[in-house]
Amino acid sequence: SPLFLLSVLSVTLGALLRKYCYDTLGRYFTFEVSILPDHNLITTGPYAWVRHPSYTGMYAALLGVLGALGSRGSWVRECGVVPPLSSSLRGWSWMGPTDPTGDGVTRGGTGTEMAWALIEDEALRRRFGKEWEVYAKKVRWGMFPGVF
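Topic: the overall build of the protein
Part 1 of the reasoning: Secondary structure assignment for the protein yields six helices and two strands.
Part 2 of the reasoning: Considering only intrachain contacts with a sequence separation of at least 6, the fraction spanning at least 24 residues in the protein is 64%.
Part 3 of the reasoning: Surface exposure of the protein reaches about 9300 Å², of which carbon and sulfur atoms provide 65%.

What follows is the structure, encoded as structure tokens:
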């Protein structure tokens, strides 16, 4: 289905962006927030577009996986594990119901990666000072250009 193909494209592009981040940071890339003693501030490659492109890639891949699982013909969709995508767009997230009372207030979602991005921003600001400030002014967006 078109949704499945779009989802596969999203997973692929997200994974490629993450790989680009790994390659750009080299030995500075870690799976924990850490700054090495001889750390340099990397501002090239995907880091010239957003400050935390690895999280952007992760979100793209995650959305692609969720789209594929929710597309027509998938096992979880056909077995009724998840409702059809059209009905799951309102009031559901991958964590479960986000608007259980129907009052339009979202209560679910992760936000974890956005919190980590803010923690990383602060750690980099402390370590690199003025160099970070100049970079952050040039590259205003944390993960999604025009949004965050």
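Moving on from the coordinates now.
Examining the packing of aromatic side chains
Part 1 of the reasoning: One pass over the full model with this rule turns up four aromatic pairs.
Part 2 of the reasoning: Relative to Phe29, the ring of Tyr22 has its centre 4.4 Å away and its plane inclined at 75°; by these criteria the two rings are edge-to-face.
Part 3 of the reasoning: Residue Tyr22 is classed as partly exposed on the basis of its relative accessible area of 27%.
Part 4 of the reasoning: A cation over a ring is seen here: Arg127 above Phe128, with NZ or CZ 4.8 Å from the ring centre.

What about the nonpolar core?
Part 1 of the reasoning: Of all hydrophobic cores here, the largest spans 14 residues; its most connected members are Leu25, Leu41, Tyr47, Trp132 and Tyr135.
Part 2 of the reasoning: In contact with Leu25, not counting residues within four places along its chain, are Ile42 and Tyr47.

Notes on a nonpolar patch on the surface
Part 1 of the reasoning: A cluster of nonpolar side chains, Leu6, Leu9, Leu13 and Leu16, forms an exposed patch at the surface whose accessible area comes to about 410 Å².
Part 2 of the reasoning: Within the element layout of this structure, Leu6 appears in helix H1 (residues 2-25).

Here's the deal with helix H2 (residues 53-70)
Part 1 of the reasoning: Along its 18 residues, H2 runs 26 Å from first to last C-alpha, staying within 8% of the 26 Å computed at 1.5 Å per residue.
Part 2 of the reasoning: Taken as a whole, H2 has its buried residues at Pro53, Ser54, Tyr55, Thr56, Gly57, Tyr59, Ala61, Gly64, Gly67, Ala68 and Gly70.

Structural notes on the pattern of salt bridges
Part 1 of the reasoning: As enumerated under the stated definition, the model contains six salt bridges in all.
Part 2 of the reasoning: Note that Arg27 is salt-bridged to Asp38, the shortest N-O span being 2.2 Å. Placement of the pair is Arg27 in the loop between H1 and H2 and Asp38 in the loop between H1 and H2, with a sequence separation of eleven residues.
Part 3 of the reasoning: Given a relative accessible area of 41%, Asp38 falls into the partly exposed group.
Part 4 of the reasoning: When the shortest N-O distance is used, the salt bridge between Glu133 and Arg125 registers 2.9 Å.
Part 5 of the reasoning: Arg125 sits in the partly exposed class, given a relative accessible area of 31%.
Part 6 of the reasoning: One salt-bridge network, held together by shared partners, links Glu122, Arg125, Arg126 and Glu133.

Some remarks on the packing of H1 against H2
Part 1 of the reasoning: The N-to-C vectors of H1 and H2 enclose an angle of 155°; their axes lie 7 Å apart at closest approach. In this view, H1 runs roughly antiparallel relative to H2, as classed from their interaxial angle. In the packing of H1 onto H2, the handedness of the crossing is left-handed.
Part 2 of the reasoning: Tallied by class, residues from the contact of H1 with H2 come to 13 nonpolar, nine polar and one charged.

A look at the confidence of the model for the protein
Part 1 of the reasoning: On average, residues of the protein carry a pLDDT of 80, and 77% of them reach 70 or more.
Part 2 of the reasoning: By mean pLDDT, the top-scoring element of the protein is H1 (96), and the lowest-scoring one is strand E2 (residues 96-97) (44).
Part 3 of the reasoning: The model gives residues 88-110 a pLDDT under 50, and that stretch makes 26 contacts with residues more than four places away or in other chains.

Rules used throughout
Residues numbered from 1 in each chain as written. Predicted model: local features only at pLDDT ≥ 70, side-chain atom pairs only at ≥ 80, totals over all residues. Heavy atoms only, no water. Helix = DSSP H or I, 4+ residues; strand = E, 2+ residues; numbered from the N terminus. Contact = heavy atoms within 4.5 Å. Areas by Shrake-Rupley, 256 points an atom, 1.4 Å probe, with all protein chains shown as cover. Phe/Tyr/Trp six-rings, centres within 6.5 Å; stacked < 30°, edge-to-face > 60°. Buried < 20%, exposed > 50% of the residue type's maximum accessible area, 1.4 Å probe, protein only. Lys NZ or Arg CZ within 6 Å of the ring centre and 35° of its normal. Core = buried A, V, L, I, M, F, W, Y, C linked by side-chain atoms within 4.5 Å. Patch = residues over 30% accessible without salt bridge, like charges linked within 9 Å, V, L, I, M, F, W, Y side chains within 5 Å. Salt bridge = Lys/Arg side-chain N within 4 Å of Asp/Glu carboxyl O. Expected span 1.5 Å × (residues − 1). Axes fitted to C-alpha atoms, helices over the stretch in contact; angles between N-to-C directions. Parallel < 35°, antiparallel > 145°, perpendicular 65-115°, else oblique. Left-handed = near helix turned anticlockwise from the far one by under 90°. Nonpolar A, V, L, I, M, F, W, Y, C, P; charged D, E, K, R; others polar. pLDDT = per-residue confidence, 0-100.

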